[in-house]
Amino acid sequence: MTLLQIDRLSMEVGGLPILHNVSLGVDAGRILGVIGESGSGKSMTALSVMQLLPDGARCSGRISLAGQEVLTLSEPALCKMRGRDVGMVFQEPMTALNPLQTIGAQVAETILIHERVTRAEALRRAAEALRRAELPQDRFPMSRYPHELSGGQRQRVVIAMAIALRPRLLIADEPTTALDVTTQAEILKLLKRLVVEDGMACMLISHDLAVVADMADDIVIMRSGEVVETGPVDRLLSHMRHPYSKALLAASSHVPDRAAQPREASLLSVRGVVRDYAIPRSGFWGRVGTFRAVNDVSFDIRRGESLGLVGESGCGKSTLTRAILGLEEVQAGTIKLNGQPVFTGHRPNRDVRRHMQVVFQDPYGSFNPRHRVDRLISEPFHLLDDPPQGAARADAIAQALESVGLSADDGRKFIHEFSGGQRQRIAIARALIIRPELIILDEAVSALDVQVRAQILDLLADLGDRLGLTYLFISHDLSVVRSITDRVLVMQAGRIVEHGVTQEVFDVPRHAYTQQLVAAAPRLTVEPERTNDDDARA
Amino acid sequence: MMLRAGLTIMTQLRSLVPGAALTLLFAGAAVLSLFWTPYEITSLDIANKIKTPTLAHPLGTDHFGRDILSMIMVGARTSIAVALVAVGIGMGVGVPLGLAAAAREGSLLDEVIMRGNDLVFAFPSLLIAIMITAVFGASAVNAIIAIGIFNIPVFARLTRSGALSLWTQDYVLAARVAGKGAARISAEHILPNVTNLLIVQGTIQFSLGILAEAGLSYVGLGAQPPTPSWGRMLADSQTMISLAPHMAIFPGMAILLTVLGLNLMGDGLRDLLDPRLRRTGR
């Protein structure tokens, strides 16, 4: 019998339709991957199972969970169901935990709410749940606070909370999106193990086709509130019927066309760069320590080349970016663009700076919400000694907007009128406007949906060819780096541990860390002859 | 999203309209009093003293037979002028200090500014006001200075905390990549984005300034007779409260409604000034 069966579920919030005739089902012990871009209704489908919907939401259709009709349940009955029958894992482990409570207390709370047990008993079971989530008591006592744990460990606490009562359905909403790739692999393995051990049904919601393809038994693909296509993973991936699914698959493994061949001349040269940060003294009498964020880093970027820089959070890649941009002075080593140092006499060198620009990850935080687009993208003109005025300025703005596929009229709009992908185009226009030679892309496509990401990658490749740009492409996403870079640097704990031609480094990684990264990256393999996981397990 | 936008517009109008109406009412009365009041506030009419509201005196008369409506109108002028200038002093000095402290976070400048703020905060404001007026004499100008000084750390702290979170934004980083200096970034990117906070705090400080002025006048350290002031009207009526409650009620209501109106208007303005909530007509 299907544990969760959703039949023709429609939902609207204040008259605005969100979901339309969504039907799907999950069996106990199986994982259902729900895939869609932002706004496709995948999270709303999951939330309607818990009936944790925004105010003014109205559902119609049927949701049946282990024989119970969820849509007819009263609020007290729903409260009993949430947490006991359905556990949920959220995307952001930083905000899903209360920073003022110990992890033990937070896991025990779920138990205390639903069962009449003593506090000691609840804590004993919380310890058990944490152990099952691979946080053993000897290394991670329950008296720890969330801030004492890493992102992956916090996500394990959230998972422990979700599985403490052995729910029949586990909803994981983008559980690994905020995590590094190696942590992601561990968390996914943990989820899979728990599903098998407890015979839970699991709804795994993700925007990442590769993650879901590795994990799930069945897949549902959603778009604008509707189910587009559904079926077992292997069959669905090898025999996609719907054009949207095909487009999604194509976008996930998209490789933009690039023609430009790097010339031999070096554009940026980084030699022996060291960047130390002061860390607060430990205790009143303690000494001010230093943290070496970038440790003896040297590399070159050749003119016209696209160089990748991969590494996990905290490895020093952002610090290195800031140093290259001349935002922070380095403690040792030199950074030269076209043979000129970025810093001269403790001051950033304007002549050098005007040859490089940057595009940031967050399309929402990158723009002052109070300025119009024309003012936003013309900001780098400040670097020129003689910036264009009047008509010449308007021309330059129009040209920059048009080169990224927007229209000159968009200059009069405010930034909130644009979608995430359009904003990222505007960010690129801002970088292009002073015609730099080097553009640093700091996770520039990481926050975008796959199809938008593919478009932006195409745009970057096209601009690179047309304008002869050089890119430094910083990302944690190996598949993106693989698709757009010529050479790659792998960074770990402030050092470059491996570098070489992208294809070679990823196919035959030599350093242990690179091997680990490559192994952990979810890979989308569409092979008809893949064996069926269910048969193997049965 | 649409629903939320609709709700927000409703709530912002719900507080903005009555708030602005109340504020305009008192501001209008203050302006009008420059040209015309029902009676001269200096004209004593002992025959008609302590009269309850009549057609001739809509809010009654006080113990000297002066028209209370006229006095409240002129008193509004005193209150608003004192509070406005005091907020102006607080913003004019506090905001640049806060911006500078945030731009050089953790530096000696930051420490000096913020510890200086703490120092001002450490003194009870009314005591300092009394001290200032004791040294320099009781007058409206000294009341303004006393209230204004205590507005400085409020605005400095608020600006600094708002600015600190803005300095971590990517658009500030983008401006730094464009070679802009701290002063320019503060003016172009930080200040416009803390105005929401400043406007809300400004209206709150404005209403607190009116209360403070009333308090100082009540103890006789604010505007001196014959300049009418709401606080001194309250003080004068105190001994006659059982005999002539209207003498206390009307200035009291004036203080209450002005403060309420300013607070409501501050809330409404904050929502209205946010461009993210501005309807774009696409």
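Predicted model only: the values in this text are computed from it and were never measured.

Novice: I would appreciate a short explanation of the overall build of chain B in the present structure.
Specialist: From N to C terminus, chain B includes nine helices and zero strands. Overall size of chain B, expressed as C-alpha extent along the three principal axes, is 75 × 55 × 30 Å. Here chain B, with 282 residues, has 45% of them falling under the buried criterion. For chain B, long-range pairs separated by at least 24 residues make up 71% of all intrachain contacts whose partners lie at least 6 apart in sequence.

Novice: Would you explain the sheet that holds strand β3 (residues 31–35) of chain A in this entry?
Specialist: In a beta sheet, neighbouring strands are held together by backbone hydrogen bonds and run either parallel or antiparallel to one another. Residue and element names in this part refer to chain A. Taking strand neighbours across the sheet as the criterion, the six strands line up as β6-β7-β8-β3-β9-β10 in an open arrangement whose pairing is mixed. Each edge of the open sheet is held by one strand with a lone partner, namely β6 (86–89) and β10 (226–232). For this sheet, the mean inter-axis angle between neighbouring strands, taken without regard to orientation, is 15 degrees. Bridging between strand β7 (residues 169–173) and strand β8 (residues 201–206) involves five bridges; their strand directions are parallel. Pairing of A172 across the sheet is with L204, part of β8. Along the sheet, helix α5 (residues 151–163) contacts β6 and β7; its crossing angle with β6, the most-contacted strand, is approximately 170 degrees.

Novice: Sorry if this is basic, but what is going on with the confidence of the model for chain A here?
Specialist: Should the pLDDT be low somewhere, the predicted coordinates at that spot are not to be read in detail. Per-residue confidence for chain A gives a mean pLDDT of 86, with 95% of residues at or over 70. Here residues 527–538 of chain A is modelled with pLDDT under 50, and outside its nearest four sequence neighbours on either side it reaches six contacts, counting other chains as well.

Novice: Is there a simple way to think about the interface of chain A and chain B in this case?
Specialist: Accessible area lost on assembly of the parts is the figure often given for the size of an interface. Contacts between the two partners involve 26 residues from chain A, matched on the other side by 20 residues from chain B. When grouped by side-chain class, the residues that make up the side of chain A that touches chain B number 11 nonpolar, eight polar and seven charged.

Novice: Looking at this structure, I do not really get the sheet that holds strand β11 (residues 266–279) of chain A. What am I missing?
Specialist: Residues and elements named next belong to chain A. Read across the open sheet, the four strands follow the order β12-β11-β14-β15; overall the sheet is antiparallel. Taken across any chain shown, the strands that pair with only one partner, and hence form the sheet edges, are β12 (289–302) and β15 (340–341). Relative to strand β14 (residues 332–337), β11 runs antiparallel, the two being bridged by five bridges. Looking at β14, one finds that S269 is bridged to K336.

Novice: Can you walk me through the confidence of the model for chain B in this structure?
Specialist: All names here are of chain B. Within chain B, residue pLDDT values average 82, and 92% of them lie at 70 or more. Low pLDDT (under 50) marks residues 278–282, which in the prediction has two contacts with non-local residues, meaning those over four places away or in another chain. Quick note on the complex model: pTM equals 0.80, ipTM equals 0.76.

Novice: Looking at this structure, I do not really get the packing of helix α3 (residues 103–114) of chain A against helix α4 (residues 119–132) of chain A. What am I missing?
Specialist: Helix-helix packing: each pair is described by the crossing angle between the helix axes and the interaxial distance. All names here are of chain A. At a closest axis distance of 8 Å, the pairing of α3 and α4 adopts a crossing angle of 115 degrees. Accordingly, the angle class assigned to the pair α3 and α4 is roughly perpendicular. Taken as a pair, α3 and α4 cross one another with a handedness that is right-handed. Contacts between α3 and α4 involve G104, V107, A108, I111 and L112 from the first element and A122, L123, R125, A126, A127, A129 and L130 from the second. By residue class, the composition of the contact of α3 with α4 is 10 nonpolar, one polar and one charged.

Novice: Sorry if this is basic, but what is going on with unusual backbone geometry here?
Specialist: Residue and element names in this part refer to chain A. Residues other than glycine seldom take positive phi values, yet R8 does so here, at roughly 45 degrees. Looking at where R8 falls in the secondary structure, it is placed in strand β1 (residues 2–13). Classification of R8 by C-beta neighbours within 10 Å gives exposed; the count is 11. Here the phi dihedral of N21 falls at roughly 50 degrees; this positive angle occurs in a residue that is not glycine. Within the secondary structure layout, N21 lies in strand β2 (residues 16–27). On the basis of neighbour counts, which here come to 13 C-beta atoms within 10 Å, the residue N21 falls in the partly exposed class.

Novice: Can you help me understand the environment of A:K336 in this one?
Specialist: Following the sequence through the fold, A:K336 ends up in strand β14. For A:K336, the contacting residues outside a window of four places in its chain are A:S269 and A:P341.

Reading the values: the criteria
- Residues numbered from 1 in each chain as written.
- Chains lettered and ligands numbered in written order.
- Predicted model: local features only at pLDDT ≥ 70, side-chain atom pairs only at ≥ 80, totals over all residues.
- Helix = DSSP H or I, 4+ residues; strand = E, 2+ residues; numbered from the N terminus.
- Buried ≥ 20, exposed ≤ 12 C-beta atoms within 10 Å, placed from the backbone.
- Contact = placed C-beta atoms within 7 Å.
- Pairing = 2+ DSSP bridges.
- Axes fitted to C-alpha atoms, helices over the stretch in contact; angles between N-to-C directions.
- pLDDT = per-residue confidence, 0-100.
- Nonpolar A, V, L, I, M, F, W, Y, C, P; charged D, E, K, R; others polar.
- Parallel < 35°, antiparallel > 145°, perpendicular 65-115°, else oblique.
- Left-handed = near helix turned anticlockwise from the far one by under 90°.

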